[in-house]
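Residue strings, one per chain:
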Amino acid sequence: MQTLTRPSLRRALFPLHRNLQTPSSPPPTATQPPSPDSTTHFGFKQVPSSSKQHLVKEVFDSVSSKYDIMNDAMSLGVHRLWKDSFVSGLDPGKRGPLKVIDVAGGTGDIALRILDYAREKYSDRETSVDVVDINGMMLKEGEKRFKKTMYHNTPQISFQVSNAQSLPPSQFPDNTYDIYTIAFGIRNCTNIPDVLTQAYRVLKPGGVFACLEFSKVENPLLASIYDQYSFSIIPLLGTILAGDRESYQYLVESIRKFPSQPDFAQMVREAGFETGKMVEGRGGAWRDLWGGVASVHMGVKV
Amino acid sequence: MATRSSIAHLQNPRRTLSSSSQTPAYPGHIPLNWFENAFLAFGSAAMSLADPRRGDMIAALGETTAGPALPRLRDHMLNSAEGRQILKDRPRINSDTVDMNALAQLPEGTFGRAYVTWLERCGVTPDTRAPVHYIDDPELAYVMQRYRECHDFYHCIVNLPVDVSSELAVKFFEFANLGLPVAAISAAFGHLRLDWPKRQRLFGEYVPWAMKCGASANSLITVYWEKRWEQDFGELQRDIGVWSAPETKWRKPLSEAKIAAEKRRKMAEMALAEGAEASS
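Calculation notes
Residues numbered from 1 in each chain as written. Chains lettered and ligands numbered in written order. Predicted model: local features only at pLDDT ≥ 70, side-chain atom pairs only at ≥ 80, totals over all residues. Heavy atoms only, no water. UniProt positions renumbered as here; feature names shortened; annotations may be inferred. 1 Å grid on protein atoms, 1.4 Å probe; cavity = no way out; pocket = protein on both sides within 12 Å on 5 of 7 lines; lining within 4 Å. Helix = DSSP H or I, 4+ residues; strand = E, 2+ residues; numbered from the N terminus. Buried < 20%, exposed > 50% of the residue type's maximum accessible area, 1.4 Å probe, protein only. Contact = heavy atoms within 4.5 Å. Pairing = 2+ DSSP bridges. Axes fitted to C-alpha atoms, helices over the stretch in contact; angles between N-to-C directions. Core = buried A, V, L, I, M, F, W, Y, C linked by side-chain atoms within 4.5 Å. Domains from an automatic or database assignment. Buried area = accessible area lost by both parts, 1.4 Å probe. Salt bridge = Lys/Arg side-chain N within 4 Å of Asp/Glu carboxyl O. Polar contact = N/O pair within 3.5 Å; in protein donor to acceptor, adjacent residues only side chain to side chain. Nonpolar A, V, L, I, M, F, W, Y, C, P; charged D, E, K, R; others polar.

## Thoughts on the UniProt feature "binding site: Zn(2+)" (unreviewed entry) in chain B
All names here are of chain B.
Then step 1. As annotated in UniProt, the feature "binding site: Zn(2+)" (unreviewed entry) corresponds to His-151, Asp-152, His-155 and Glu-167 in the numbering used here. Taken along the chain, the residues just named run across 17 residues; in space they keep tight, none of their C-alpha pairs more than 10.2 Å apart. If you take the residues mentioned a moment ago, the ones lining the largest cavity come down to Asp-152.
Then step 2. Along the polypeptide, His-151 turns up in helix H8 (residues 138-157).
Then step 3. The class of His-151 is buried, set by a relative accessible area of 5%.
Then step 4. Residues within four places of His-151 in sequence aside, it is in contact with Arg-129, Glu-167, Val-170, Lys-171 and Glu-174.
Then step 5. Structurally, Asp-152 can be placed in helix H8.
Then step 6. What makes Asp-152 buried here is its relative accessible area of 6%.
Then step 7. When near neighbours in sequence (up to four residues on either side) are disregarded, Asp-152 contacts Tyr-115, Trp-118, Leu-119, Val-124, Thr-125 and Arg-129.

Take a look at the structure:
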């Protein structure tokens, strides 16, 4: 394995702390690899692990055509701010062109932001993004979006159907990518440690793992308002705008089932990544957005 | 009894804040608190205007705005022998419960025969009504479902087709007869989509007819239509106190019935093919 580290990159990510690998919290609970009869959560319901993938597929088949509109309606446009902050935190293009893999990238929100950022800030037209998603209909929406951009039919963008838990080595060889992103996707995966293992495999040494996901809100007042909003308004918005209450009920429930920030940071470490200290904020393993409604977790492969 | 929903309540304590502290009272029931009800009322009103093909939104509008109208309709039913029988039997109207072939065999001039003829002329089926979700009391939910499913009978008994003007005329009629707010809302806003000559006709001829006829007739929710298939059409009209609407132009049939028939044919073919495979 290469001993090449990227000290400048690491310092940029975790400026105040050195390498701290010792786990300090107990392993999180929701990570048993599914045995054939085991069950897992699908929102607040319990379902056989083997059927979760199909159930999630049905949800995303159903929401794909209105996905972007619904995101704007449900978050009142705030998801755009989160994604902008996520991509600026990565600063793609600063040290030259990058190979990026954007997993669960479906409709291409993150991919487009990465390419635009590198182009506008660093005049970079060599950075490429491979968008990977398990759901073909979501990828179709992504392709439609990209047809309206200058990246269509260039080597800068590609769309591939694949399962984040088992990226085929023939399509995604080891040590290929500089950045691995997964935004608002990992909580839908049945086996999160498998996803992290694959992320570790396909990243180059020194490569960065970055995850943007809904997370736990600590502040009780904010949490109460957020819960009310999530469970009252969002399923109704789904009913009104998309004629589909169930999918949006699943979405808000799946957010509650996702591990907390420290638990997920621990999982990232267990996959082999080096992360910041087990705190929030600069130098920490994660950065909260809007009080923890969303959170950015990052790790580096050494 | 520890039901699944009460256990869910313990595991997910925040649910006490929302309406989901109520357990569903019937399959498909989605309990709403007053805020959610208001939100859905406004949202479904806006969406129904924006996209009138969203039948589920018009249905939601009806349920969220029903208020005291449904208990009143139930009282009408309780006050009539026929209505009481309906509440007891809770009959449903769809292509499984209505034998279209048998009705087509009835003599000319009967209500049943007139109904299938009306369905064919308009190109609709009895299957197009959304289920009730947002009414908490199961009996009132049934009254709402019954109202929705009888809508086509109201069209048939006053001889109106399903184009926009005629639908609005029926809505005015329903409001005068049954008093449901959604009928008033549809009537009040629906005509905005009409052009001027049609609107003139609507308010000049159909609305006077609708208000007079609807108000003077019996409460139509108490009519047990399924027991009157063989009754003479004119006699039925006199029985319940309605008379036909002013003459109107009947357009080409809608494609609903054709699409439904195609679907049924395909499913029958698939079932046959599967049966043949299984036995071979």
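## Description of the sheet that holds strand S10 (residues 294-300) of chain A
Residues and elements named next belong to chain A.
Then step 1. Here eight strands make up an open sheet; going across it, the order is S5-S4-S3-S6-S7-S10-S9-S8 and the pairing mixed. The open sheet terminates on both sides in strands that have one partner only, identified here as strand S5 (157-161) and strand S8 (277-280). Taken pair by pair, the neighbouring strands of this sheet meet at an average axis angle of 20 degrees, ignoring direction.
Then step 2. Bridging between strand S3 (residues 99-103) and strand S6 (residues 177-183) involves four bridges; their strand directions are parallel. Residue pairing in the sheet places Val-103 in a bridge with Ile-182 of S6.
Then step 3. Here helix H4 (residues 78-90) sits on the sheet in contact with S6, strand S7 (203-214), strand S9 (284-289) and S10, set at roughly 165 degrees to S7.
Then step 4. Here helix H7 (residues 192-202) sits on the sheet in contact with S3, S6 and S7, set at roughly 145 degrees to S7.

## Brief notes about the nonpolar core
All names here are of chain B.
Then step 1. Ranked by size, the top nonpolar core spans 64 residues in total, and within it Leu-70, Phe-111, Tyr-154, Ile-157 and Trp-225 carry the most contacts.
Then step 2. Listed by contribution, the elements that provide at least two residues to this core are helix H4 (69-78), helix H5 (81-89), helix H7 (111-122), H8, helix H9 (164-178), helix H10 (181-190), helix H11 (196-216) and helix H12 (233-240).
Then step 3. Ranked by residue count, the leading element in this core is H8, at eleven residues.
Then step 4. Setting aside anything within four residues of it in sequence, one finds Ile-157 in contact with Phe-111, Trp-225, Phe-233, Leu-236, Gln-237, Ile-240 and Val-242.

## Some remarks on the domain arrangement of chain A
Residues and elements named next belong to chain A.
Then step 1. Each assigned domain of chain A is listed with its residue range as follows: domain 1 (42-76 + 219-257) and domain 2 (77-216 + 259-301).
Then step 2. Placing a centre on the C-alpha atoms of domain 1 and another on those of domain 2 gives a separation of 21 Å.
Then step 3. Listed as interface residues are 23 residues of domain 1 and, on the opposing side, 24 residues of domain 2.
Then step 4. When domain 1 packs against domain 2, the two sides together hide about 2000 Å² of surface, and 49% of this comes from carbon and sulfur.
Then step 5. Three residues stand out in domain 1 for area buried against domain 2, namely Gln-53, Ser-64 and Ile-255, and they jointly supply 22% of the buried area on that side.
Then step 6. Linking domain 1 with domain 2 are two salt bridges.
Then step 7. Among the salt bridges present, the one from Arg-80 reaches Asp-72, with a minimum N-O distance of 2.6 Å.

## Focus: helix H10 (residues 261-270) of chain A
Residues and elements named next belong to chain A.
Then step 1. Across the ten residues of H10, seven count as buried, placing the element largely inside the fold.
Then step 2. For H10, every residue scored as buried is listed here: Gln-261, Phe-264, Ala-265, Gln-266, Met-267, Val-268 and Arg-269.
Then step 3. Residues of H10 that are buried make contact with H7, S7, S8, S9 and S10.
Then step 4. One or two positions beyond H10, positive phi appears at Gly-272, with a value near 110 degrees.

## Focus: the interface of chain A and chain B
Then step 1. Listed by partner, the interface residues are 17 residues for chain A and 19 residues for chain B.
Then step 2. Carbon and sulfur atoms supply 64% of the area buried between chain A and chain B, which totals about 1500 Å² over both sides.
Then step 3. Linking chain A with chain B are three residue pairs in polar contact (both at pLDDT 80 or more), by the criterion used here.
Then step 4. Those elements that provide at least two residues to the side of chain A that touches chain B are helix H8 (220-242) and helix H9 (245-257) of chain A.
Then step 5. Of the residues that constitute the side of chain A that touches chain B, the class distribution is eight nonpolar, six polar and three charged.

## A few points about the UniProt feature "binding site: S-adenosyl-L-methionine" (unreviewed entry) in chain A
All names here are of chain A.
Then step 1. Those places that UniProt annotates as "binding site: S-adenosyl-L-methionine" (unreviewed entry) correspond, in this numbering, to Thr-107, Asp-133, Asn-163 and Ala-164.
Then step 2. Within the element layout of this structure, Thr-107 appears in the loop between S3 and helix H5 (109-122).
Then step 3. Of the residues examined, Thr-107 reaches a relative accessible area of 4% and is grouped as buried.
Then step 4. Aside from chain neighbours lying at most four places away, what touches Thr-107 is Tyr-67, Asp-68, Met-138, Glu-141, Gly-142 and Arg-145.
Then step 5. Its location among the elements puts Asn-163 in the loop between S5 and S6.

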